[in-house]
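# Summary of the model geometry
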Amino acid sequence: MSDKQINQNQYEYKAEMKQLLHLIVHSLYTHPEVFLRELISNSSDALNKIRFRRLTDANILDPDSELKISIDVDEKENTFAITDTGIGMTKEDLINRIGTIASSGTLEFLKKLKDENKSADANLIGQFGVGFYSAFMVTDEINIESTYADMNSKTYKWKSLGEDKFFIEEIEQKPRGTKIHFKLKDEFKEYSQNWNIKSTLKKYSNFVDFPIYVNGEKVNIVSALWHRKKDEIKEEELNDFYTFISNDTKPPLDHLLLNIEGTLNFKALIFFPETAPPNLFQDALEKSLQLYSNRIFIQDDCKELLPDYLKFVKGVVDTEELPLNVSREVTQSSPVLAKIKNVLTSRIIGQLEDWAENDIPKYEKFYNNFGSLLKTGLNSDFTHKDKLIGLLRFETSLKPKGEKVSLKDYVKRMAEDQKVIYYIMGDHRDLIEMNPNLEYFRKNDIEVLYLTDPVDVFTIPYIFEYDKKQLKSIEKSDIDINKDTVKEPVSESQSKNIIELFKKVLGNKVEDVIESKRLIDYPVTLVVGKQGFDPQVEKMMQYIDKNFTHSKRILEVNPSHQIIKNMATLMLVDSNNELINNTILQLYEGALLLEGKLPSPNEFLRRMNEFIEISTKKD
Ligand code: ADP
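In short, a report on the structure. (Residues numbered from 1 in each chain as written. Predicted model: local features only at pLDDT ≥ 70, side-chain atom pairs only at ≥ 80, totals over all residues. Heavy atoms only, no water.)

With that settled, consider the overall build of the protein chain. Counting its regular elements, the protein chain contains 19 helices and 23 strands. Against the globule reference of 25 Å for 619 residues, the protein chain gives a C-alpha radius of gyration of 33 Å, more extended than a compact globule. Taking the principal axes of its C-alpha atoms as reference, the protein chain extends roughly 105 × 60 × 40 Å. Looking at the protein chain as a whole, 52% of its 619 residues are labelled buried. For the protein chain, the proportion of contacts with a sequence separation of at least 24, taken over those separated by at least 6, is 71%. As presented, the protein chain carries roughly 30,700 Å² of accessible surface, and 50% of it is formed by carbon and sulfur atoms. (Helix = DSSP H or I, 4+ residues; strand = E, 2+ residues; numbered from the N terminus. Rg over C-alpha atoms; globule rule 2.2 N^0.38 Å. Buried < 20%, exposed > 50% of the residue type's maximum accessible area, 1.4 Å probe, protein only. Contact = heavy atoms within 4.5 Å. Areas by Shrake-Rupley, 256 points an atom, 1.4 Å probe, with all protein chains shown as cover.)

Here you go:
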């Protein structure tokens, strides 16, 4: 949908664009110098596009013009102008590309930032495809003059005063490319100073692959960092390059410089961010790896280079093995890229393994930020599955809150007679620790992994084993209970009678009722039958499919618990006592309540009040 045309040359922004502009102008200017990076980055993209097109198409305007960016400032007039000889924009581009929000979540996200009064960081703007508008932080009126690369393209001028409208008209013919110019607001006069522009540019202009001129003077040495040797690159350069390509304000956690030679040839510079962006799980907003072919930029966000679960890294990959007229279709099915992907995946995983072994604090930092995404690889990348399993870390019943262990640590600690690896899933540790099914394990010091990450529901049940040991939820009925913890139970026949009565009263509410070997302080617990799903998995399925019905559960009864003993005594006196039936219902519903699955609390409460009445009665 394009914006509303008011008359021949005048257009009105869509409502959400107006709001966005308002936000940018009025609340996002903590780092106004960002506008410069955004405009240069747009020019550099436009130059990359024309360089690419020029390789195969001679039929363009000004085919021989130098590919460059020129910035011209005038301190007296207080003006700023940036000109590129890039691909340019058609009239339609000016209407549709400038002036619309690329991604739908942008406005909500920026509003949220503002509401939370977070230092409304203008650096974020670039991540959302509204970079151009950051210029409204430093000016009230922007002018664009642009000529598209096709032969016979006309030159159009676009002008906007910010929040409401923009104007477009055809003007006298100019060479191919785009010029953006404006007068600075008084408080941002500094951006019309030659020296100031030069020093602001210093940080990243060397990574722009085209010469940049400031008032006619060339200010950068174009150099591809990843073509240099490891020891010739300064850390500061790496950090600046990272900031340039990622829009992240913090320096990266680490980087990986690869120079692969042999049957496959490529260079790569990969960064691991220190923190996860708020939109980590949304694909649309990700810009991960850029693809270069022998230093020539081919495409941004090349999905073919990495599996989805590693898309948190940023960087560049440069290979000479692609045909130069490579198109998106070619990259999508390129065997070269498939091979590069394989090597990159192994190297990145190798780096993570190295931290996990030799730099635990760094690995923890990484894992806390990106562990959930990494786990999604367990279901999709069977080649690296074993390595990914090795990289998993979990909280556990044997360690204090916050401390995580690997499956390897777990297995090392297992007693000789323990055959499987136990886990329990739950929303958080405190809830898990109140689960009656955990009782037996804690009392007997049998380690249980606590799976609290929502992603675990989708991934962990599908790791069937580690080191030939099965992974098993302790909520299953068929777990191996071999430690003798049952103290003074009711007699065998009494227990049998009680279980029969439970079955009669509960009927088809449950799959079965059995005697519990695991319980100590709880009278009953619900467990999952052989065919059933873990409660946490069911919760997720219900969330996805509203019609999903829970599978029936098995109720385990603790024959040593005082309540069960009291019931046995009551049964001896009067097996039809109403109190016994009510106790059974109450115990069952109490177990449901603990799991958050009690459908209606009314009956439960009514019975509870009856019990209170009986126990408070004076005789
Ligand atoms: P983004 O660059 O993240 O897509 P912008 O709002 O900065 O978002 O720019 C929107 C679009 O306008 C760009 O994607 C591009 O198509 C076009 N554009 C911006 N600047 C230029 C330029 N200097 N030359 C050609 N096209 C441009």
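Okay, the pattern of salt bridges next. One pass over the full model with this rule turns up 29 salt bridges. Between Lys365 and Glu274 there is a salt bridge; the shortest N-O distance is 3.1 Å. Residue Lys365 is located in helix H9 (residues 360-375), and its partner Glu274 is located in the loop between strand E12 (266-272) and strand E13 (289-293); the two are separated by 91 residues in the primary sequence. Take Glu274: its relative accessible area is 22%, and that puts it in the partly exposed class. The salt bridge involving Lys387 is made with Glu353; its shortest N-O contact spans 3.7 Å. One end of the pair, Lys387, is in helix H10 (residues 385-390); the other, Glu353, is in helix H8 (residues 335-358), and 34 residues separate them in sequence. Given a relative accessible area of 43%, Lys387 falls into the partly exposed group. The class for Glu353 is partly exposed, based on a relative accessible area of 26%. (Salt bridge = Lys/Arg side-chain N within 4 Å of Asp/Glu carboxyl O.)

On inspection of all chains with the given rule, the structure shows 25 aromatic pairs. An aromatic cluster of at least three residues, connected via ring pairs, comprises Tyr11, Tyr13, Phe132, Tyr133, Phe136, Trp158 and Phe166. The ring centre of Tyr213 lies 5.4 Å from the NZ or CZ of Lys68, which sits over that ring. Lying across the ring of Phe167, Lys159 places its NZ or CZ 5.6 Å from the centre. (Phe/Tyr/Trp six-rings, centres within 6.5 Å; stacked < 30°, edge-to-face > 60°. Lys NZ or Arg CZ within 6 Å of the ring centre and 35° of its normal.)

Attention shifts here to the pairing of strand E6 (residues 155-160). Pairing geometry for strand E5 (residues 142-147) and E6, over 6 bridges, is antiparallel. Opposite Ile144, over in E6, you have Trp158 as the bridge partner. The pairing of E6 with strand E7 (residues 165-171) spans 6 bridges and is antiparallel. Across the sheet, the residue bridging to Trp158 is Ile168, located in E7. (Pairing = 2+ DSSP bridges.)

What the 3 strands build is an open sheet, ordered E21-E23-E22; its pairing is mixed. Each edge of the open sheet carries a strand with a single partner, namely strand E21 (512-515) and strand E22 (524-527). Sheet twist, expressed as the average angle between the axes of neighbouring strands with direction ignored, equals 25°. In the sheet, E22 pairs with strand E23 (residues 554-557) via 4 bridges, with the strands oriented antiparallel. Looking at the pairing, Leu526 lines up with Leu555 of E23. Contacts from helix H15 (residues 492-506) reach E21, E22 and E23, with the element oriented near 160° to E21. (Axes fitted to C-alpha atoms, helices over the stretch in contact; angles between N-to-C directions.)

Assignment of secondary structure puts Asn78 in the loop between strand E3 (69-74) and strand E4 (79-84). Residue classification places Asn78 among the buried residues on the basis of a relative accessible area of 4%. Leaving out residues up to four positions away in the same chain, Asn78 has contacts with Phe182, Lys183, Leu184, Lys185, Asp186, Lys189 and Ser192.

Further remarks concern the packing of H15 against helix H18 (residues 578-594). Closest axis-to-axis distance for the H15/H18 pair is 10 Å, and the angle between their directions is 75°. Classified by the angle their axes make, H15 and H18 are roughly perpendicular. Contact residues: H15 offers Leu501, Phe502, Val505 and Leu506, while H18 offers Ile580, Asn581, Ile584, Leu585, Leu587 and Tyr588. (Parallel < 35°, antiparallel > 145°, perpendicular 65-115°, else oblique.)

Now for the packing of H15 against helix H17 (residues 562-573). For the pair H15 and H17, the least separation of the axes is 10 Å and the interaxial angle reads 90°. Judged by the angle between their axes, H15 and H17 are roughly perpendicular. Here H15 contributes Gln494, Asn497, Ile498, Leu501 and Phe502 to the contact with H17, which in turn contributes Ile564, Met567, Ala568, Met571 and Leu572. Its residues assigned to classes, the contact of H15 with H17 shows 8 nonpolar, 2 polar and no charged. (Nonpolar A, V, L, I, M, F, W, Y, C, P; charged D, E, K, R; others polar.)

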